[in-house]
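Letter by letter, the chains look like this.
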Amino acid sequence: MVGGFDSPSPVSLRETVLSPGGRGESGGSPSPLPPGERTVLRSKTGEGESATETRTTCPYCGVGCGVIATREPDGEISVRGDPEHPANFGRLCSKGSALADTIDLEGRLLHPQINGERASWDEALDLVAERFIDTIAEHGPDSVAFYVSGQLLTEDYYAANKLMKGFIGSANIDTNSRLCMASSVAGHRRAFGSDTVPGNYEDLEEADLIVLVGSNLAWCHPVLFQRIMAAKDACPEMRIVTVDPRRTVTTDGADMHLNISPDGDVALFSGLLAWLKKYGKIDEAYVAEHTSGFDAALAASLASLSEVASATGLSETELETFYTLFADTEKTVTVYSQGVNQSACGTDKVNAIINCHLATGRIGRRGMGPFSVTGQPNAMGGREVGGMANMLAAHMEIENRAHRALVQFFWDSPRIAQVPGLKAVDMFKAVASGRIKALWIMGTNPVVSMPNANAVEQALFTCPFVVISDVLEETDTTCLAHVKLPARAWGEKDGTVTNSERRISRQRPFLDMPGEALPDWKIIAEVGRRMGFERSFDWKTPKDVFAEFAALSGVENKGSRDFDISAFDDVTPNGYEKLAPFQWPLAKGAAAGRTRFFTEGRFYTPDKKARFIAVTPPSAKPATAAFMVNTGRVRDHWHTMTRTGKSPRLSQHIAEPFCEIHPEDAMRLGIRTADLVRVENERGSVIVRASVTARQQLGHVFVPMHWNDSYAADARIGKLVSDAVDPVSGQPALKMALAHVRRFKAAWHGFAVTRERPKLDFDYWAAARVNGGWRAEFASADPPAKWESSARAVLGIGAEEELISYQDRRRGDWRFASVRDGILLGVFYASREPVAVARSWASTLLGNDALSAAALLAGRPGGAVEDKGAIICSCFSVGVRQIEAAVANGACLSVDAVGALLKAGTNCGSCRGEIRRIVEKFGTSDDSGANVAQL
Ligand code: SF4
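Keep in mind the model is a prediction, meaning the values are calculated, not measured. (Residues numbered from 1 in each chain as written. Predicted model: local features only at pLDDT ≥ 70, side-chain atom pairs only at ≥ 80, totals over all residues. Heavy atoms only, no water.)

I keep staring at the site of the ligand and nothing clicks. Help me out?
Around the ligand lies a shell formed by C58, Y60, C61, V63, G64, C65, L92, C93, K95, G96, P222 and V223. Those elements that provide at least two residues to the shell around the ligand are α2 (94–97) and α8 (222–234). Here the shell around the ligand is built from residues that sort into 9 nonpolar, 2 polar and 1 charged. (Near = heavy atom within 4 Å. Helix = DSSP H or I, 4+ residues; strand = E, 2+ residues; numbered from the N terminus. Nonpolar A, V, L, I, M, F, W, Y, C, P; charged D, E, K, R; others polar.)

Honestly, the environment of P784 in this entry has me stumped. Any pointers?
Here P784 shows up in the loop between β30 (773–780) and α27 (787–795). Taking C-alpha positions, P784 is 9.6 Å from A747, a pair spaced 37 residues apart along the chain. Setting aside residues no more than four positions away along its own chain, P784 makes contact with W748 and S790. (Contact = heavy atoms within 4.5 Å.)

I tried to follow the environment of C220 on my own but got confused; where do I start?
Position of C220 relative to the elements: it lies in helix α7 (residues 217–220). When the C-alpha atoms of C220 and V373 are compared, they prove to be 9.9 Å apart, with 153 residues separating the residues in sequence. If we ignore the near neighbours within four places in the chain, the residues touching C220 are C61 and R633.

Looking at this structure, how should I read the side chain of D520?
When you line up the elements, D520 lands in helix α22 (residues 520–530). Among the polar contacts made by the side chain of D520, one reaches the side chain of K493 at a distance of 3.4 Å. (Polar contact = N/O pair within 3.5 Å; in protein donor to acceptor, adjacent residues only side chain to side chain.)

When you look at the packing of helix α3 (residues 121–139) against α22 in this model, what are you seeing that I'm missing?
Two measures define how a pair of helices packs: the angle their axes make with one another and the distance between the axes. The interhelical angle for the contact between α3 and α22, taken along N-to-C directions, is 60°, at an axis separation of 9 Å. As summarised for this structure, α3 and α22 are arranged oblique, according to the angle between their axes. Pair α3 / α22 crosses with right-handed handedness. Contact with α3, carried on its side by W121, D122, L125, D126, V128, A129 and I133, involves I523, E526, V527 and R530 of α22 and no other residues of that element. The residue inventory of the contact of α3 with α22, partitioned by class, reads 7 nonpolar, no polar and 4 charged. (Axes fitted to C-alpha atoms, helices over the stretch in contact; angles between N-to-C directions. Parallel < 35°, antiparallel > 145°, perpendicular 65-115°, else oblique. Left-handed = near helix turned anticlockwise from the far one by under 90°.)

Got a minute to help me understand the sheet that holds strand β11 (residues 256–258) in this structure?
Think of a sheet as strands paired side by side through backbone hydrogen bonds, with each pair either parallel or antiparallel. With respect to topology, 5 strands assemble into an open sheet ordered β11-β10-β9-β13-β14, the strand pairing being parallel. The open sheet has two edge strands, β11 and β14 (369–372), and neither has a second partner. Averaged over neighbouring strand pairs, the angle between their axes works out to 20° when direction is ignored. Bridging between strand β9 (residues 209–213) and strand β10 (residues 239–243) involves 5 bridges; their strand directions are parallel. Each residue of the ladder has a partner; that of I210, found in β10, is I240. Across the face of the sheet, helix α14 (residues 316–328) comes into contact with β9, β10, β11 and β13 (332–336) while running at roughly 120° to β11. (Pairing = 2+ DSSP bridges.)

What follows is the structure in structure tokens.
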């Protein structure tokens with residue numbers, strides 16, 4: 001193995017701790033789990049007390065890192081990376097490291113509700129079953145639908161799929177993974193005849209060339225990126241090429257960045273196929289023996305380098321350099337994620353990449369292969385159980401009569417869906433048009449995450465019956481539900497998930513069960529039973545569900561289907577509890593899972609040959625004055641922030657929604673960094689903070705996907721995205737909205753730190769957690785009638801509380817602070833310009849009991865207290881100014897030296913790319929989205 005890992009850091013560095021009071025007010029019932037079901041790895045005895053350690057899996061991205069959660073006798077929880085888990089070997093990124101910050105019960109849905117009123121489980125479940133039965137009876141099975149989530153465990157997913165496809169008899173179940181990797185699924189099925197990820201994470205370490213396409217791996221799959229960078233450190237000859245229309249922290253760590261035009265990927269890899277042929281780099285023997293369709297794919301490819309250059313926006317020199325590197329490097333892995341998938345030609349992109357690996361025979365061998373990495377923790381598990389509208393369980397095909405018969409026989413179900421159901425975008429259109437009259441949304445927030453999100457919101461508003469099962473009471477989506485069913489959250493859930501390398505791991509509970517929350521599989525089974533299917537949904541434990549699923553995967557399989565975990569069809573309760581991470585397939589009688597597929601060809605097509613797919617690059621987009629809006633993630637937040645938004649640590653890095661825009665575009669539009677901008681089109685608009693940076697292409701902007709109505713006034717970027725989808729996969733083009741950008745003319749700007757959640761009623765606001773309270777940015781087109789009243793409203797303090805104030809009318813500054821008995825209640829700053837207050841210092845005010853009024857009103861630390869600038873290292877709260885100073889004075893000339901001096905980057909490592917950028921470029925805050933509004 002090339003590379004390997006740094007030694008795991010000491011446990012103390014990785015631990016994050018939740019204070020014992022975090023879940024203390026739940027009124028929750030004690031854990032229903034007998035002690036024996038807890039995985040006790042360590043006991044700390046003394047006075048009869050012991051700590052328990054539970055092996056589980058991170059609930060965020062598709063890397064699927066193993067986590068050890070420690071529960072002390074006093075209830076304190078801490079987490080650290082599991083050194084024995086093969087996905088991460090002890091590492092965690094910033095999000096994983098902060099998991100303990102996110103498990104309190106604030107905002108939890110703890111009891112069933114009907115029309116906003118608390119109800120009993122029986123009342124709620126009876127109502128759901130009754131309404132689904134009545135709707136189906138009146139309008140047929142296709143009048144109902146489930147919209148599920150990659151956050152569900154495999155057991156939950158299996159139960160939902162079984163109920164919909166086998167018992168309701170419709171395939172109207174689709175998952176938010178449709179937004180994430182449906183194009184990879186479709187591309188795999190076209191090429192391999194099955195949705196098979198051929199390789200594993202070790203291939204990334206063993207490769208000599210890694211091509212990252214449409215993937216900001218450093219922020220979106222950080223531990224995988226760290227594994228790659230560790231391998232590169234150990235083997236500096238390894239080359240990394242990134243293909244991305246914007247510069248990111250990932251591209252900074254690459255040897256070559258192809259700053260491609262959006263959707264230029266098909267042309268890039270189509271041209272590569274032609275290049276490989278032209279220069280005799282095709283593995284002719286492999287192509288002849290193991291593939292079909294090569295000639296047609298080659299005929300459709302772009303043979304002219306100038307044509308490829310025109311379609312990709314790259315120079316011929318860049319293309320020749322990349323093509324030569326690819327052609328000459330046998331051990332090549334091409335990694336791709338949302339930049340490939342979230343496109344109207346995403347499936348063609350996937351197949352254009354796979355074509356090049358098939359043409360060179362670089363698949364199924366160590367250090368080689370196309371590699372799709374998934375966004376969500378259990379996107380793969382959802383694919384396995386048929387959570388998508390066009391699949392059956394255990395990777396069987398809904399279009400295949402024999403597969404339908406097999407599944408129906410196994411389930412002993414009265415019916416089986418005959419045709420694919422509605423994919424996500426079409427599902428919500430059908431809700432809007434009234435075709436779907438009862439919808440059950442499980443564990444996801446489509447009002448934020450779906451394209452054309454306002455239309456989705458409106459569709460739910462008009463839908464006759466909406467059920468949600470969720471962990472939170474109030475999200476943008478749950479507030480539109482007729483029935484709310486409380487589901488268990490991470491730390492309470494018990495089941496399995498599958499990561500991007502086909503590795504199935506256990507999620508185990510280690511928290512007390514709050515309120516009346518139930519596991520999703522149990523809720524679904526209870527509805528199934530009430531719909532008249534008692535015998536088929538009588539599982540007692542998640543082990544029963546898993547064993548049934550495992551048995552189905554092995555029926556009439558004998559290697560004919562890729563997915564087979566029948567080794568566990570008779571798993572015992574103890575075996576399930578102790579289940580160690582394994583890669584599928586693991587058929588009955590097999591000694592171990594298979595690490596790679598297609599080592600000797602044998603694809604899952606009728607002739608066992610992989611299929612080349614002839615792909616044609618999309619035609620050039622007509623010129624438009626509008627900007628192309630790219631959407632994506634930031635380092636420390638996850639999806640719609642329902643979990644990561646709770647963590648002060650994770651909110652330090654980027655505290656506001658922003659819009660990256662090129663300096664020339666900004667100058668043309670009169671936009672400066674830290675101005676507010678309105679991004680708008682015919683579907684909606686958002687107001688976000690400008691980040692002027694040459695990392696963005698001219699004519700393109702980037703806006704993150706996370707912010708929603710809980711954390712910002714108007715920042716749901718999904719509103720602007722059209723519902724155009726890839727015609728093969730049905731995946732929406734979430735990175736390709738067209739919109740106009742203009743400066744939002746704020747008459748004044750404000751910033752506040754408050755102990756209670758601030759009351760914000762302005763044209764623009766964004767709120768984020770800090771230790772002990774909140775911080776908020778806000779602005780309006782009109783000044784408030786009375787500054788003091790506005791300050792009191794934001795700070796949530798009455799007229800009886802004293803306000804210390806400072807005003808400079810000439811400069812247009814207003815500042816207020818409220819202190820009671822020496823305890824700061826909050827500070828409020830307003831100014832005609834963006835407020836010049838040291839944010840990293842201000843965010844610590846609530847924990848500081850030695851404040852001077854002068855420092856409070858000055859908005860900067862007094863005396864020798866340091867202004868850190870924007871926080872780069874969330875784990876140790878190290879700011880950009882500290883790192884810049886260390887580099888400037890010559891104390892640090894490398895990332896490791898910064899770590900040795902300041903500790904930055906020495907825990908989870910997620911910030912090492914940003915530190916590298918500062919070390920190399922001594923960058924200014926204008927150059928990083930992380931520094932938005934850090935004035
Ligand atoms: Fe969780 Fe980070 Fe690992 Fe992804 S990389 S699974 S977010 S710890």
